[in-house]
Amino acid sequence: MAEVVLARVDARMIHGAVVSTWVPNTQANVLFAIDDETYKDDFKCMIMKNCALNIRSEVYSVEKLIEVWNSGKLRNRKVLVVFKSIEMAYKAFKLGFQFEALQLGYIIPDEKKTIQVDDRKAILVSPEDIEMLKEMKDSNINVYMQYSPQFVPVAYTKYEL
Amino acid sequence: MVGFLLLSHGDLSKGILSTCDCIIGIPEKTKTITLAIEDNISQFETQIKEAIDELDDGDGVLVMVDVLGGTPCNQCSALLKEKKIELLTGMNFPMIVAAYECRMQGNDLQTIKNYCVKWAKEGIVSVREKLHLESL
């Protein structure tokens, strides 16, 4: 049975810092970057995959992730899943993709994502994000914040505005 | 004239220019952009675009970044289809010196890029091996 060794939200997805720290740290042997928009853009997918020198990687939409996961082809792979956004992680969760914990790593701030929940300013969320995280936490997913392995994981404790 | 754009996590690109200042002087038509953890990636992309547009007088821009797969590299990769740029990873001092020398001789972007790749690699030398000294 394939195993999710890490589910992380990181807007940079397949990125030098993710590949060079979390891959060895988790001993993952395949990396899936999940974003519905990026998946539609072959050129962006190619750029992303080009960054992962030490691991097989794929860029998938949420639906494709679930299709591949349910296909049984992953056998006993150790899978590192990087979602581009909380929204993508939430969509996967709602469609039945199972993960025990969700690590919040890096989020691109925008006009809606302005609520800072960590002290490194790497994680800014919107009111909608807070609702989605709350629902996942209520389903016993351990949501925590950790920028990179050298930092201590910090429990996500923001439940309401 | 080909422009130079140096992109890095932290101050590497600024530091390389400071080293240039000691040895060959600061090359003209050269810009640096640095990225800190708290910076917004989407603003970084805009900064890169603006710097390229400023530097490109029609001859194009050679972009040098610290590492393959990092944000500076990834953000700039996305511009390869729309901007007249060449993008090199593994920026080091020999690379900058090569770019400077090659441009001074009036070469075009492709020639400068190829020259930079060669000299950036050749600039990495184990001195002990080169001197045929046994390790202690």
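Residues numbered from 1 in each chain as written. Chains lettered and ligands numbered in written order. Predicted model: local features only at pLDDT ≥ 70, side-chain atom pairs only at ≥ 80, totals over all residues. Heavy atoms only, no water.

*Asks:* Sorry, what's going on with the overall build of chain A here?
*Replies:* Along its length, chain A carries six helices and nine strands. Viewed in the frame of its principal axes, chain A has a C-alpha envelope of about 40 × 30 × 30 Å. A fraction of 70% describes how many contacts in chain A between residues 6 or more apart in sequence connect residues 24 or more apart. Taken as a whole, chain A presents about 8000 Å² of accessible surface, with 49% of it coming from carbon and sulfur. Between the centroid of the 21 positive side chains of chain A and the centroid of its 22 negative side chains there is a distance of 6 Å. (Helix = DSSP H or I, 4+ residues; strand = E, 2+ residues; numbered from the N terminus. Contact = heavy atoms within 4.5 Å. Areas by Shrake-Rupley, 256 points an atom, 1.4 Å probe, with all protein chains shown as cover. Lys, Arg positive; Asp, Glu negative; His and termini not counted. Charge placed at Lys NZ, Arg CZ, Asp CG, Glu CD.)

*Asks:* Looking at this model, I keep getting lost on the pairing of strand β8 (residues 142-145) of chain A. Mind explaining?
*Replies:* Regular strands have side chains that alternate between both faces of the sheet. All names here are of chain A. Sheet topology places strand β5 (residues 101-106) next to β8; four bridges connect them, and they run parallel. Within β8, the position partnered with L104 by the bridge is M145. Both β8 and strand β9 (residues 154-155) contribute to a ladder of two bridges, which runs antiparallel. In the sheet register, M145 faces β9, and the bridge partner there is V154. (Pairing = 2+ DSSP bridges.)

*Asks:* Any chance you could explain the interface of chain B and chain A here in plain terms?
*Replies:* Accessible area lost on assembly of the parts is the figure often given for the size of an interface. Across the boundary between the two partners, chain B contributes 16 residues, which contact 15 residues of chain A. Counting the surface lost from both chain B and chain A, the interface buries some 1300 Å², and carbon and sulfur atoms represent 66% of this. Among the residues chain B hides against chain A, the three largest losses belong to I37, I41 and L68 of chain B. Together they make up 39% of the total. Inspection of the region where chain B meets chain A yields zero salt bridges. Our count for the chain B to chain A interface comes out at three residue pairs in polar contact (both at pLDDT 80 or more). Of all the elements in the fold, those that place two or more residues in the side of chain B that touches chain A are α2 (41-55) and α3 (71-77) of chain B. Tallying contributions element by element places α3 of chain B first for the side of chain B that touches chain A, with three residues. Here the side of chain B that touches chain A is composed, by residue class, of five nonpolar, eight polar and three charged. (Buried area = accessible area lost by both parts, 1.4 Å probe. Salt bridge = Lys/Arg side-chain N within 4 Å of Asp/Glu carboxyl O. Polar contact = N/O pair within 3.5 Å; in protein donor to acceptor, adjacent residues only side chain to side chain. Nonpolar A, V, L, I, M, F, W, Y, C, P; charged D, E, K, R; others polar.)

*Asks:* Looking at this structure, how should I read helix α4 (residues 93-104) of chain B?
*Replies:* The periodicity of an α-helix, 3.6 residues per turn, causes residues three or four places apart in sequence to face the same way. Residue and element names in this part refer to chain B. Between its first and last C-alpha, α4 extends 17 Å over twelve residues, near the 16 Å set by a 1.5 Å rise per residue. For α4, the set of buried residues is M95, I96, V97, A98, A99, C102 and R103. As for α4, its buried residues are in contact with β1 (3-9), α1 (12-23), β2 (30-35), β3 (61-65), β4 (85-88) and α5 (109-122). N-cap assignment for α4: the residue whose side-chain oxygen lies 2.9 Å from the backbone N of M95 is N92. Count one or two residues on from α4 and you reach G106, which has phi positive near 80°. (Expected span 1.5 Å × (residues − 1). Buried < 20%, exposed > 50% of the residue type's maximum accessible area, 1.4 Å probe, protein only.)

*Asks:* I would appreciate a short explanation of the pairing of strand β1 (residues 3-10) of chain A in the present structure.
*Replies:* By the bridge criterion, six bridges tie β1 of chain A to strand β4 (residues 78-83) of chain A in an arrangement that is parallel. In the sheet register, L6 of chain A faces β4 of chain A, and the bridge partner there is L80 of chain A.

*Asks:* Hey, could you run me through the environment of V67 of chain B in this one?
*Replies:* Residue and element names in this part refer to chain B. Relative to the assigned elements, V67 resides in the loop between β3 and α3. When the C-alpha atoms of V67 and H9 are compared, they prove to be 9.0 Å apart, with 58 residues separating the residues in sequence. Setting aside its immediate chain neighbours within four residues, V67 contacts H9, C73, T89 and G90.

*Asks:* Explain unusual backbone geometry to me, please; I cannot follow it from the model alone.
*Replies:* Peptide bonds are mostly trans, and most non-glycine residues show a negative phi. Here the phi dihedral of M13 of chain A falls at roughly 55°; this positive angle occurs in a residue that is not glycine. Looking at where M13 of chain A falls in the secondary structure, it is placed in the loop between β1 and α1 (16-26). By relative accessible area, which is 1% here, M13 of chain A ends up buried. Phi at K29 of chain B takes a positive value of approximately 50°, unusual for a residue other than glycine. You can see K29 of chain B is positioned in the loop between α1 and β2.

Everything listed here is a matter of coordinates, which is why it stays silent on function.
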